[in-house]
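Remarks on the overall topology
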Amino acid sequence: MNRYPLWKYITVLAALVIGLLYTLPNFFGESPAVQIAGAKTAVKVDNQTLEKVEGVLKSNNIDATGAYFEMNGPVGTVRVRFATPDIQLKAKDLIEKALNPDPSDPGYTVALNLLPASPNWLSALGAHPMYLGLDLRGGVHFLLQVDMQGALTGRYDSLANDVRTTLRENKLSASSVDRSDQSIVVRFDNQETRNNAASELRRRMPDMVFTPSDSGGTFSLQGKLTDAAITQVQGNALKQNITTLHNRINELGVAEPIIQQQGADRIVVQLPGVQDVAKAKEILGRTATLEIRMVDDSPTAMAALSSGTVPFGLERYTDADGRPLLLRRQVILTGENLQDAQPGRDQQSQQPSVNLTLDAKGARIFRDVTRDNIGKRMAILLFENGKGQVVTAPVIRGEIPGGQVQISGSMTAQEAADISLLLRAGSLAAPMNIIEERTIGPSLGAENINKGFDSTLYGFLAIAVFIIVYYRLFGVFSTLGLAFNVLLLLAVLSMLQATLTLPGIAAIALTLGMAIDANVLINERIREELRAGHSPQQAIHLGFDRAWGTILDSNLTTLIVGLSLLAFGTGPIRGFAVVHCIGILTSMFSSVVGVRALVNLWYGSRRKLQSISIGQIWKPKQD
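Note that this is a predicted model, so its numbers are computed, not measured. (Residues numbered from 1 in each chain as written. Predicted model: local features only at pLDDT ≥ 70, side-chain atom pairs only at ≥ 80, totals over all residues. Heavy atoms only, no water.)

1. Side note on the overall build of the chain
- Per the secondary structure count, the chain includes 16 helices and 23 strands.
- In the chain, buried positions account for 47% of the 623 residues.
- Nonlocal contacts in the chain, meaning residues at least 24 apart in sequence, comprise 73% of its contacts between residues at least 6 apart.
- When the accessible surface of the chain is split by element, carbon and sulfur atoms take 56% of a total near 30200 Å². (Helix = DSSP H or I, 4+ residues; strand = E, 2+ residues; numbered from the N terminus. Buried < 20%, exposed > 50% of the residue type's maximum accessible area, 1.4 Å probe, protein only. Contact = heavy atoms within 4.5 Å. Areas by Shrake-Rupley, 256 points an atom, 1.4 Å probe, with all protein chains shown as cover.)

Listed below in structure tokens is the structure:
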């Protein structure tokens, strides 16, 4: 009656073993580490970088507990672990000096970090510790203000190009097209041309309002975005900046960064585990803006370049190999026109290539430019930290319609992947300023962990003492089931690589209190069956079976609330809800399946069982 089939015992045992394996990495803590990543588009981090770092450490008699190179997408990162923070700081200074001989123009980002200290055999099994939030691990918190006027300025620059294109397509001659503050001013030689241009521009550009004006014999149009268009530009700028920050920060392997919108023009960035505020600012400063311009390879430009001068209307830049180029100042396209960039191969030559996808406006502009400039070179620039660098400058072989652009040439597959990532993630829609910064030290995070652990431990012990005193041996079973529940909860959170925060620890403590409720229901039901005159074996069987419905109902209603918090909550509330929902599921399994397996093992084989240790059974008084 009270014997499980073998497969159920095996299921419980497997859950116990898996729970132990995946919970274990959380008890090894973290090691101080130094992390090396490229600070420029042209700087690659690879195994050679790792060998150079190891050579620097060896020559200075510094022992590392582990050093490895890994690819985070198409971007490489070197990480080196050390035994103590003092060795970490010393190694960081030495590596910084070796990799960045010119501090004013660093090629590498050398940052302090914390890495899991769990053994390699656990990592090989896929057992990794939970991520810890900013309040538990320490790190930096930034509040960024997005320059919405800068976003509008960039939009008006792009619209000015659209106006020029529209007028050229309709053969309408304008004496000048300029951006004036937050508007576009178009000047004409006569009123008729101005009126025709106004009609065509209003038709082609519905997001703008064009107002004619006459002064001093000059006929002009002033174009301004509508209020709805301004709101859309600012919203898109905020979203694009958030996406860019995500991609750039993920390149450095920061575990579970929090990047989210706050208000209409602010972004909150939290980087757990980053101890160096200066390096954290450098991470945020790596955001880049993308521009596409034409290269001037004319004899006059080449002669000026050779003599070291730059003609009016041109700017001097260098490509990835350090060769100088002269580019026209006029910006053809910006990152706002780029929808996607993926690495690939040229179908004819099978050489690595970068495949770009432009939006409708960008596709139209690109078609016109490539049609009018066959045989000339077009440069793709990335501006990082105020410095522009040409990523690639391919020759235009023919008109490119449809917005599908392929860039190929002397590049490797890795370089194609790197360029794709930078083009995808490198465009900032608007400048940003740090208006608030906070640092939470690792010691404060450790104190939060200790307090959270102590509160959970003391709650567990208080429940265990009460339940054992009140229910005797069945109280011991319930306590073991409660420990099994915590083990499963931590294992599931580790397998999901969830981020644990202080609200999450509170949810674990709450789960303990709720999990014991199922055991109380079962134990009291068994007592009722014994009072009703059933044999101990029957009482155990009926107690578990009849308590199941009540346990399911109570946990289901609580789970609905948890799912609501998960669906509609944000930040700490979602962290609490995740742990809360998983804890409900693990508590049902541990209480109903796990505890019953213990009871069946202890009492199930006894055929003539006369009594069970479940505390005082109060029988009703007889009238």
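2. What about the sheet that holds strand 7 (residues 176–179)?
- One open sheet accounts for 4 strands, arranged 7-8-10-9; its pairing is antiparallel. Only two strands of the sheet have a single partner each, and these edge strands are strand 7 and strand 9 (208–215). Each adjacent strand pair in this sheet contributes to an overall mean axis angle of 20 degrees, direction not counted.
- As judged from the 5 bridges shared by strand 8 (residues 184–188) and strand 10 (residues 218–225), these two strands associate in the antiparallel manner. Bridging across to strand 10, Val185 finds its partner in Gln222.
- In the packing of helix 7 (residues 191–204) onto the sheet, contacts are made with strand 8, strand 9 and strand 10, and the angle to strand 10 comes to roughly 15 degrees. (Pairing = 2+ DSSP bridges. Axes fitted to C-alpha atoms, helices over the stretch in contact; angles between N-to-C directions.)

3. Comments concerning the pattern of salt bridges
- The full count for this structure, using the stated rule, is 20 salt bridges.
- In this structure, Arg329 engages Glu315 in a salt bridge whose closest nitrogen and oxygen atoms are separated by 3.2 Å. Here Arg329 is found in the loop between strand 15 (324–328) and strand 16 (333–334), whereas its partner Glu315 is found in strand 14 (residues 314–318), with 14 residues between them in sequence.
- Of the residues examined, Glu315 reaches a relative accessible area of 21% and is grouped as partly exposed.
- The partner of Arg525 in a salt bridge is Glu529, and the shortest N-O contact between them spans 3.5 Å. On the criterion of helical spacing, the pair formed by Arg525 and Glu529 is a turn pair, its members being 4 residues apart in helix 14 (residues 502–531).
- Classification of Glu529 by relative accessible area gives buried; the value is 4%.
- Several salt bridges share partner residues, and in doing so they unite Glu169, Glu200, Arg203 and Arg204 into one network. (Salt bridge = Lys/Arg side-chain N within 4 Å of Asp/Glu carboxyl O.)

4. Thoughts on a nonpolar patch on the surface
- Taken together, the side chains of Leu24, Phe27, Phe28, Trp121 and Leu125 define a hydrophobic patch exposed on the protein surface, amounting to about 530 Å² of accessible area.
- For Leu24, the position within the fold is in the loop between helix 1 (6–23) and strand 1 (30–38). (Patch = residues over 30% accessible without salt bridge, like charges linked within 9 Å, V, L, I, M, F, W, Y side chains within 5 Å.)

5. Thoughts on the packing of aromatic side chains
- Throughout the structure, instances matching the rule amount to 6 aromatic pairs.
- Relative to Phe477, the ring of Phe474 has its centre 5.7 Å away and its plane inclined at 70 degrees; by these criteria the two rings are edge-to-face. Note that Phe474 and Phe477 are positioned in helix 13 (residues 442–495) at a spacing of 3 residues, about one turn of the helix.
- With relative accessibility at 5%, the residue Phe477 sits in the buried group.
- Here Phe484 and Phe589 contribute two aromatic rings whose centre-to-centre distance is 6.1 Å and whose plane-to-plane angle is 55 degrees, an arrangement assigned as tilted. With Phe484 in helix 13 and Phe589 in helix 16 (residues 572–603), the pair connects residues that are 105 residues apart, well separated along the chain.
- Pairwise contacts between aromatic rings join Phe474, Phe477, Trp602 and Tyr603 into one cluster. (Phe/Tyr/Trp six-rings, centres within 6.5 Å; stacked < 30°, edge-to-face > 60°.)

6. What about the side chain of Thr370?
- Within the secondary structure, Thr370 is located in helix 11 (residues 360–372).
- Residue Thr370 is classed as buried on the basis of its relative accessible area, which comes to 1%.
- Side-chain polar atoms of Thr370 contact the backbone oxygen of Arg367, separated by 3.0 Å.
- Leave out the neighbours within four places in its chain, and Thr370 touches Met378, Ile396, Gly398, Glu399 and Ile400. (Polar contact = N/O pair within 3.5 Å; in protein donor to acceptor, adjacent residues only side chain to side chain.)

7. Describing the confidence of the model for the chain
- Mean pLDDT over the chain stands at 82; residues scoring 70 or higher make up 90%.
- Mean pLDDT values for the elements of the chain range from 65 in helix 9 (residues 277–285) up to 91 in helix 1. (pLDDT = per-residue confidence, 0-100.)

8. A closer look at the packing of helix 14 against helix 15 (residues 536–568)
- Their axes nearest at 7 Å, the elements helix 14 and helix 15 cross at an angle of 145 degrees. Along this stretch, helix 14 crosses helix 15, giving a crossing that reads as right-handed. Residues Met514, Asp517, Ala518, Leu521, Ile522, Arg525, Ile526, Glu529 and Leu530 of helix 14 form the contact with helix 15, whose own contacting residues are Pro536, Ala539, Ile540, Leu542, Gly543, Phe544, Arg546, Ala547, Thr550, Ile551, Ser554 and Thr558. (Left-handed = near helix turned anticlockwise from the far one by under 90°.)

9. Some points on the nonpolar core
- Ranked by internal contacts, the top residues of the largest apolar core, which has 40 residues, are Phe474, Ile526, Val599, Tyr603 and Ile612.
- When contributions to this core are tallied by element, the ones reaching two or more residues are helix 13, helix 14, helix 15 and helix 16.
- With residues up to four places along the chain from it excluded, the contact list for Tyr603 reads Leu473, Phe474, Phe477, Gln537, Ile540, Leu609, Ser611, Ile612 and Ser613.
- With 21 residues, the next largest nonpolar core counts Leu159, Ile184, Leu201 and Ala229 among its residues. (Core = buried A, V, L, I, M, F, W, Y, C linked by side-chain atoms within 4.5 Å.)

10. Regarding the packing of helix 2 (residues 47–59) against helix 3 (residues 85–99)
- Running from N to C, helix 2 and helix 3 cross one another at 125 degrees; their axes reach a closest spacing of 10 Å. Taken as axis vectors, helix 2 and helix 3 run oblique relative to one another. For the pair helix 2 and helix 3, the sense of crossing is right-handed. Contacts from Lys52, Val53, Val56 and Leu57 of helix 2 reach helix 3 at Ala91, Leu94, Ile95, Ala98 and Leu99.
- In the contact of helix 2 with helix 3, the residues fall into 8 nonpolar, no polar and 1 charged. (Parallel < 35°, antiparallel > 145°, perpendicular 65-115°, else oblique. Nonpolar A, V, L, I, M, F, W, Y, C, P; charged D, E, K, R; others polar.)

11. What to know about the environment of Ala127
- Among the structural elements, Ala127 can be located in the loop between helix 4 (120–124) and strand 5 (131–132).
- When its relative accessible area of 1% is taken as the criterion, Ala127 is described as buried.
- Each C-alpha atom of the pair Ala127 and Ser494 lies 7.4 Å from the other, and the pair is 367 residues apart in sequence.
- In this structure, Ala127 is in contact with Leu21, Tyr22, Pro25 and Leu122, ignoring residues within four places of it in sequence.

12. Notes on the sheet that holds strand 12 (residues 266–272)
- Strand order in the open sheet formed by 4 strands is 11-12-6-22, and the pairing between neighbours is antiparallel. Only two strands of the sheet have a single partner each, and these edge strands are strand 11 (258–262) and strand 22 (432–440). Averaged over all adjacent pairs, the angle separating strand axes in this sheet is 20 degrees, with direction ignored.
- Bridging between strand 11 and strand 12 involves 5 bridges; their strand directions are antiparallel. Residue pairing in the sheet places Gln261 in a bridge with Ile267 of strand 12.

13. Considering helix 14
- Taking 1.5 Å as the rise per residue, helix 14 with 30 residues should run 44 Å; its terminal C-alpha atoms sit 44 Å apart, in good agreement.
- A positive backbone phi angle near 100 degrees is found at Gly533, which sits one or two residues after helix 14. (Expected span 1.5 Å × (residues − 1).)

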